[in-house]
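Read off the chains here:
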Amino acid sequence: MRHRTLWFWIFVGPFAAGLALFTYVPLAWSLYLSFFDAHNTVSPTHFIGFDNYASMLRDGAFTDSLWTFTVFSLFIVPATYALSLALALMVNRLRAAQAFFRSVFFLPAACSYVVAALVWKLSIFNGVRFGLANTVLGWFGSDQTAWLSTTHPPWYWLVIVTLRLWLQAGFYMVLFLAGLQRISPQLYEAAAVDGARPGWQVFRHITFPQLRATSVAVVLLLVINAFQAFDEFYNLLSDARGYPPYARPPLVYLYYTALGQGQNLGLGSAGAVILALIIAVVTIVQARWFGLGRRED
Amino acid sequence: MTISRRRLLSTSGGLALTGALATACGSNTGRSGDSSGTGKDSGGKPTLQQWYHQYGEAGTEQAVRRYAAAYGRASVKVQWRPGSYDQQTAAALLTSSGPDVFEVNGPTLDQIQGGQVTDLTDLFEGVKDDFNPAVLAPKTYDGKIWGIPQTIDMQLLYYRKSLLKDANVEPPQTLDELVDAAKKLTDKKVKGLFLGNDGGAGVLGGTPLYAAGLSLFTEDGKVGFDDPAAARTLGKFHRLYADKSLLLGAPADWSDPSAFVQGLTAMQWSGLWALPAVQKALGDDFGVLPFPKDGPAGKPAVPVGAYSSAVSARSGHRAEAKAFAKWLWIERTAYQEDFALSYGFHIPARISLAKKAAKLREGAAADAVRYATENGWAQPLLWTPAGQTAYQDALSRIIKDGANPDTELKAVVRKTNAELQRVQKKP
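Keep in mind the model is a prediction, meaning the values are calculated, not measured.

Asker: Account for the overall build of chain B, naming residues and giving values.
Answerer: Regarding its fold elements, chain B presents 19 helices and 12 strands. Considering only contacts in chain B between residues 6 or more positions apart, those separated by 24 or more positions represent 74%.

Below you can see the structure in the form of structure tokens.
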């Protein structure tokens, strides 16, 4: 028994220590900082109670960033869900080269967000006449479009959403493929015997309900990932002088507040705590709503 | 294969030793080049860490390493840091493992008030009047000087003479003329004006306010743009956007002259540093202008600023770091001239050096130096990042969304006043 305990700590100890040191201690310290006036310091002395929280909640830029997140989620969650499910259904039906297509669609998930953002920004969606998108549109006589700078209509959403779709649809496709392969073939056979038409009817009454657990997990992950959006927004829209007020998600705003030249670590920490609470509440509500952990029907 | 306890212990001991060696050999704390932990090299001289942001101009890095190697009283290790340099230094100043002496786009008021940088006033004895006062002022707080200006950078409007001539457009002298010119110069292939990919919200800063005869702060330290003239001037920028005269989404941003020399735009707001590249690409087919005036009280404006050399208050070698900063940026005038003019194109911070520099005496460079002297304005120390962000956001909404400039500016004035109260409360 003692040996087992020793082995347990040999294998788990370093990871537990790392987790405590690099995750829980900073989290606790951030919570501590949020109650202090902490400009340019991580060892503040001036306690200000909930002032940082009040300032953050009154700050239009922060509340706008939450709105940005909401819009982003409304675009990206259903779009990724539908696309990855569609890809999974297509790949699952393939009789040949399934592994090839699975790899092809999954491959973008291995690409860095930063690299993909730069490719999207500099090559495909730059605003000049030799950008790929503008070249193609130019063949049809269209004027050049400044994709990332045009706010009416907000073309920047097209760039942001397509980038993330390309990067993550393959990953969720793999989750759906796993879900599809868990569905018992007998169910389809029984449905066929009962006269169900292959295609939409089978999908609606057999496949989709059987994917409930996978769907709940996918939607949860998508929402949490959307809240954590930073890399592609930052790399697509920031420049040396800062970041435009539109399409500024909460993490980008908090990055500038806490780590930009302002170095307001107290205010940034309060924002991080507020954001963490919002993510927790949304996740719990969503999990309850979808019945996460409920027994399969 | 089974692993005995002895073998496990010897393996883990070996791993621990390897880790310790790797840490000792490969760790980069950013501080000492010595292994003794005393902050001294093998010759007994103190080791200083000096940080620079990554310059785009070829040869600059080699030059600063050469200067550092020439210093005899300490061993100076140069760190050339790419990426978000301002954030890196701001974070490093919170710890004792940051630089001893470092280049900074400031220091900021919060850094000074937070006691993160060292008072350098005594280094300026006898030479203070030889530093350009416009760039020395933002390094001065409470009567003390907190950074040594290295070289002066300025921004200005480049225009392509041939394109203006073809379109029958005169170089714009007022903001209204600039807006009209940009429209006339725009066609399917070329845009009239490039103010950066965000439409100018980031780079212009307070320049349009100074061009309207206003300022960011009045001499007695109050907000200087709580005035209808400010809203009127900023409101004109939306026309540039609505007319589709602005180049947006260029692969390289305003600080790089690529869009201008590639013929994507007829006019571009950029820096003096771009002048050699523009000259090389276009020969004499270009001119430079200050930002044009607006309104009856207006006057042309060009922003000037300077990276400065500062000493970290957490440095274990503050006296040595100060001595090195003085040697490099005050005494070694030949190095300053070399740094300003041999690689990129900047104006030496010392007036005497700027006056005698041959490269600054003719053509567009001479015009630029004249604008900097006659129309230069430097960002005041009181203009804190919170106020700047609010102003930049407002300007973006005015330019792109056609937001009401009056309402937007009122919100910025409120934010700036709150910031003024905050910084004035501190000792």
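Asker: A description of the interface of chain B and chain A should follow, citing residues and the corresponding values.
Answerer: Opposite the 41 residues of chain B that make contact, chain A presents 37 residues. Carbon and sulfur atoms make up 48% of the surface buried where chain B meets chain A, a total of about 3200 Å² over both sides. On the chain B side of the contact with chain A, B:Q87, B:L94 and B:P251 bury the most area, a combined 15% of that side's loss. Counting across the interface, chain B meets chain A through 2 salt bridges. A salt bridge links B:K188 to A:D143; its shortest N-O distance comes to 3.0 Å. Our count for the chain B to chain A interface comes out at 13 residue pairs in polar contact (both at pLDDT 80 or more). Those elements that provide at least two residues to the side of chain B that touches chain A are helix 1 (5-26), helix 3 (85-92), helix 4 (109-113), helix 8 (201-204) and helix 18 (385-401) of chain B. For the side of chain B that touches chain A, the per-class residue count stands at 13 nonpolar, 14 polar and 14 charged.

Asker: Please provide a residue-by-residue account of helix 18 of chain B, values included.
Answerer: Residues and elements named next belong to chain B. In a regular helix each residue adds 1.5 Å, so 17 residues correspond to 24 Å; helix 18 covers 23 Å between its end C-alpha atoms and thus fits that length. Most of helix 18 sits out of view: 12 of its 17 residues are buried. When we look at burial in helix 18, the residues that qualify are P385, G387, A390, Y391, Q392, D393, A394, L395, S396, I398, I399 and K400. Among the structural elements, helix 8, helix 9 (207-211), helix 10 (228-235), helix 11 (237-242) and helix 19 (405-425) are those in contact with the buried residues of helix 18. One or two steps after helix 18, the chain reaches G402, where phi turns positive at roughly 70°.

Asker: So what's going on with the packing of aromatic side chains? Residues and values would help.
Answerer: Summed over the entire model, instances satisfying the criterion amount to 51 aromatic pairs over all chains. Summarising the aromatic geometry, the rings of A:F203 and A:F208 are spaced 5.8 Å apart at their centres and angled 45° between planes, so their arrangement reads as tilted. You can call A:F203 buried: its relative accessible area is 17%. Judged by centre distance (6.0 Å) and plane angle (25°), the rings of B:F324 and B:W327 are stacked. A residue pair is termed a helical-turn pair when its members lie 3 or 4 positions apart in one helix, as B:F324 and B:W327 do in helix 14 (residues 318-331) at 3 residues. Neither residue differs from the other here; B:F324 and B:W327 are each classed as buried. Three or more aromatic residues joined by ring pairs form one cluster here, namely A:F72, A:F75, A:Y156, A:W157, A:F233 and A:Y246.

Asker: Give me the environment of B:Y343: which residues, what numbers.
Answerer: All names here are of chain B. Positionally, Y343 belongs in the loop between helix 15 (333-341) and strand 11 (347-348). For the pair Y343 and Q279, spaced 64 residues apart in sequence, the C-alpha separation works out to 14 Å. In contact with Y343, other than residues within four places in its own chain, are E57, A58, G59, T60, A63, R66, Y67 and D338. Here R66 takes part through its side chain, which lies 3.2 Å from a polar atom of the side chain of Y343. Here the side chain of Y343 touches D338 through a polar contact of 2.8 Å, side chain to side chain.

Asker: Kindly report on the pattern of salt bridges, identifying the contributing residues and their values.
Answerer: Residues and elements named next belong to chain B. Scanning the model with the defined rule gives 18 salt bridges over all chains in all. One salt bridge connects R65 with E61, and the closest N-O pair in it is separated by 2.9 Å. Here R65 pairs with E61, and both are found in helix 2 (residues 60-70), just 4 residues apart, close to one helical turn. By relative accessible area, E61 is classed as partly exposed at 25%. Ionic contacts of the salt-bridge type, sharing partners, join the residues D110, E419 and R422 into one network.

Asker: Mind laying out the pairing of strand 1 (residues 47-53) of chain B, listing which residues take part and the relevant values?
Answerer: All names here are of chain B. Counted residue by residue, strand 1 has 7 buried out of 7 residues, so it is predominantly covered. One ladder, built from 7 bridges, connects strand 1 with strand 2 (residues 75-81); its direction is parallel. Looking across to strand 2, one finds that H53 is bridged to R81. Once the chain exits strand 1 it traverses helix 2 before rejoining the sheet at strand 2, and the crossover so formed is right-handed. Inspection of the sheet shows strand 1 paired to strand 3 (residues 101-104) by 2 bridges, in the parallel sense. Within strand 3, the residue paired with W51 across the bridge is F102.

Asker: Any chance you could break down a nonpolar patch on the surface for me, citing the residues and the numbers?
Answerer: Taken together, the side chains of A:L6, A:W7, A:F8, A:W9, A:I10, A:F11 and A:V12 define a hydrophobic patch exposed on the protein surface, amounting to about 680 Å² of accessible area. Position of A:V12 relative to the elements: it lies in helix 1 (residues 2-33).

Asker: Please provide a residue-by-residue account of the packing of helix 5 (residues 113-124) of chain A against helix 7 (residues 156-181) of chain A, values included.
Answerer: Residues and elements named next belong to chain A. For the pair helix 5 and helix 7, interaxial distance at closest approach is 10 Å and the crossing angle is 135°. Taken as axis vectors, helix 5 and helix 7 run oblique relative to one another. Where helix 5 crosses over helix 7, the handedness of that crossing is right-handed. Facing Y113, A116, A117 and W120 of helix 5, the residues of helix 7 in contact are V159, T162, L163, R164, W166, L167 and Q168. Counted by class, the contact of helix 5 with helix 7 contains 8 nonpolar, 2 polar and 1 charged residues.

Asker: Could you give an account of the nonpolar core, naming the residues involved and the relevant values?
Answerer: Ranked by internal contacts, the top residues of the largest apolar core, which has 114 residues, are B:M154, B:F225 and B:M267. In contact with B:M154, not counting residues within four places along its chain, are B:S270, B:G271, B:L272, B:W273, B:V302, B:P303, B:V304, B:I347, B:A368, B:Y371 and B:A372.

Asker: Now, about the confidence of the model for chain B: what can you tell me, with residues and values included?
Answerer: Summing up the model confidence of chain B, the mean pLDDT is 88 and the portion of residues at 70 or higher is 89%. A low-confidence stretch, residues 1-37 of chain B (pLDDT under 50), is modelled with 32 contacts involving residues beyond four sequence positions or located in other chains.

Asker: Account for the environment of B:Q54, with residues named and values stated.
Answerer: Residues and elements named next belong to chain B. Counting through the fold element by element, Q54 comes out in the loop between strand 1 and helix 2. Given the relative accessible area of 44%, Q54 is considered partly exposed. In the structure, Q54 is positioned 182 residues away from K236 in sequence and 36 Å away in space, judged by C-alpha atoms. Not counting residues up to four positions away in its chain, the partners in contact with Q54 are W80, R81 and P82.

Asker: So what about unusual backbone geometry? Which residues, and what values?
Answerer: The linkage connecting A:H152 with the following residue, A:P153, adopts the cis geometry, with an omega of -5°. Mapped onto the elements of the fold, A:P153 is located in the loop between helix 6 (132-139) and helix 7. A cis amide bond, omega 5°, links B:G106 with the succeeding residue B:P107. Position of B:P107 relative to the elements: it lies in the loop between strand 3 and helix 4.

Asker: Any chance you could break down the pairing of strand 6 (residues 148-159) of chain B for me, citing the residues and the numbers?
Answerer: Residues and elements named next belong to chain B. Judged by how many residues are buried, strand 6 sits mostly within the fold: 12 of 12 residues are covered. Both strand 6 and strand 10 (residues 302-311) contribute to a ladder of 6 bridges, which runs antiparallel. Looking across to strand 10, one finds that M154 is bridged to V304. Relative to strand 11, strand 6 runs antiparallel, the two being bridged by 2 bridges. Bridge pairing in strand 11 links T151 to P348.

Asker: Got a sec to walk through the packing of helix 2 (residues 51-58) of chain A against helix 13 (residues 265-290) of chain A? Specific residues and values, please.
Answerer: All names here are of chain A. At a closest axis distance of 8 Å, the pairing of helix 2 and helix 13 adopts a crossing angle of 70°. Overall, the two elements helix 2 and helix 13 adopt an arrangement that is roughly perpendicular. When helix 2 is examined against helix 13, the residues N52, Y53, S55, M56 and L57 are found in contact with a partner set consisting of G266, L267, A270, G271, V273 and I274.

The rules we used
Residues numbered from 1 in each chain as written. Chains lettered and ligands numbered in written order. Predicted model: local features only at pLDDT ≥ 70, side-chain atom pairs only at ≥ 80, totals over all residues. Heavy atoms only, no water. Helix = DSSP H or I, 4+ residues; strand = E, 2+ residues; numbered from the N terminus. Contact = heavy atoms within 4.5 Å. Buried area = accessible area lost by both parts, 1.4 Å probe. Salt bridge = Lys/Arg side-chain N within 4 Å of Asp/Glu carboxyl O. Polar contact = N/O pair within 3.5 Å; in protein donor to acceptor, adjacent residues only side chain to side chain. Nonpolar A, V, L, I, M, F, W, Y, C, P; charged D, E, K, R; others polar. Expected span 1.5 Å × (residues − 1). Buried < 20%, exposed > 50% of the residue type's maximum accessible area, 1.4 Å probe, protein only. Phe/Tyr/Trp six-rings, centres within 6.5 Å; stacked < 30°, edge-to-face > 60°. Pairing = 2+ DSSP bridges. Right-handed = clockwise from strand over helix to strand, strands pointing away. Patch = residues over 30% accessible without salt bridge, like charges linked within 9 Å, V, L, I, M, F, W, Y side chains within 5 Å. Areas by Shrake-Rupley, 256 points an atom, 1.4 Å probe, with all protein chains shown as cover. Axes fitted to C-alpha atoms, helices over the stretch in contact; angles between N-to-C directions. Parallel < 35°, antiparallel > 145°, perpendicular 65-115°, else oblique. Left-handed = near helix turned anticlockwise from the far one by under 90°. Core = buried A, V, L, I, M, F, W, Y, C linked by side-chain atoms within 4.5 Å. pLDDT = per-residue confidence, 0-100.

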